[in-house]
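Given next are the chains, with one letter for each unit.
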Amino acid sequence: GPRATPPIPEILRNAIVEANQLIFHRGMRSHGHRGMGTTVVAALISGSTLTFATIGDSRIYLVQQHAIRQLTQDEGWSVRSDDGWAGRSPCCLTT
């Protein structure tokens, strides 16, 4: 039968791991690309759930009404879901 779709955090995590492997291997094959890296900021809204992922020193902020809330930190990488933003006034995500 058909396979179930993995949860969104798992999809984001897998995509980031795969991209990281491609970048790493490209750097190993090409002297000019050795040691290269990148940052990642990704966000996906599904229904009332915001799922976001970051790697490196890029942050995600949620801007609503007169408040700005930092959703991520600079260190390492994370994939998280947040239902706390849904159903409120219009908002904006920014990096």
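Residues numbered from 1 in each chain as written. Predicted model: local features only at pLDDT ≥ 70, side-chain atom pairs only at ≥ 80, totals over all residues. Heavy atoms only, no water.

1. What to know about the nonpolar core
At step 1: In this structure, L50, F52, I60, L62 and L71 together form the largest nonpolar core, which totals five residues.
At step 2: Discounting chain neighbours no more than four positions away, the residues touching I60 are V41, A42, F52, A53, T54, R69, Q70, L71, T72, L93 and T94. (Core = buried A, V, L, I, M, F, W, Y, C linked by side-chain atoms within 4.5 Å. Buried < 20%, exposed > 50% of the residue type's maximum accessible area, 1.4 Å probe, protein only. Contact = heavy atoms within 4.5 Å.)

2. A closer look at the environment of D57
At step 1: Residue placement: D57 occurs in the loop between β2 (49-55) and β3 (61-64).
At step 2: Put simply, D57 and Q73 are 16 residues apart on the chain and 7.7 Å apart in space, counted from C-alpha to C-alpha.
At step 3: Not counting residues within four places of it along the chain, the set of residues in contact with D57 comprises T39 and D74. (Helix = DSSP H or I, 4+ residues; strand = E, 2+ residues; numbered from the N terminus.)

3. Re the side chain of S58
At step 1: Here S58 shows up in the loop between β2 and β3.
At step 2: For S58, the residues in contact, after removing those within four places along its chain, are T39, V41, T72 and Q73.

4. Observations concerning the side chain of T72
At step 1: Structurally, the position occupied by T72 is in the loop between β4 (67-70) and β5 (77-82).
At step 2: A polar atom in the side chain of T72 sits 2.8 Å from the backbone nitrogen of I60.
At step 3: Non-local contacts of T72, meaning those with residues more than four positions away in its chain, are made with F52, T54, S58, R59 and I60. (Polar contact = N/O pair within 3.5 Å; in protein donor to acceptor, adjacent residues only side chain to side chain.)

5. Quick word on helix α1 (residues 8-29)
At step 1: End to end, α1 covers 32 Å across 22 residues, agreeing with the expected 32 Å (1.5 Å per residue, within 8%).
At step 2: Considered for burial, the residues of α1 that qualify are L12, I16 and G27. The buried residues of α1 occupy an angular sector of 40 degrees when projected down its axis, which confines them to one face. Opposite the buried face of α1, at more than 90 degrees from it, the exposed residues are E18, L22 and R29. (Expected span 1.5 Å × (residues − 1). Arc of directions from axis to C-beta.)

6. Considerations on the sheet that holds β5
At step 1: Read from one edge to the other, the open sheet built from three strands follows the order β1-β2-β5, with strand pairing classed as antiparallel. The open sheet is flanked by β1 (40-46) and β5, the only strands paired with a single partner. Neighbour-to-neighbour, the strand axes of the sheet open up by a mean angle of 10 degrees, direction not taken into account.
At step 2: Of the strand pairs in this sheet, β1 and β2 are connected by seven bridges, and their pairing is antiparallel. Bridging from a neighbouring strand, V40 pairs with I55 of β2. (Pairing = 2+ DSSP bridges. Axes fitted to C-alpha atoms, helices over the stretch in contact; angles between N-to-C directions.)

7. Topic: the confidence of the model for the protein
At step 1: Of all residues in the protein, 86% attain a pLDDT of 70 or more, and the chain-wide mean is 80.
At step 2: Mean pLDDT values over the elements of the protein span from 72, in strand β6 (residues 91-94), up to 87, in α1. (pLDDT = per-residue confidence, 0-100.)

8. A closer look at the pairing of β3
At step 1: Burial along β3 is one-sided: the residues L62 and Q64 are buried and none of Y61 and V63 is.
At step 2: With antiparallel pairing between neighbouring strands as the criterion, β3 and β4 make up a hairpin whose turn holds two residues, including Q65 at a positive phi of roughly 45 degrees.

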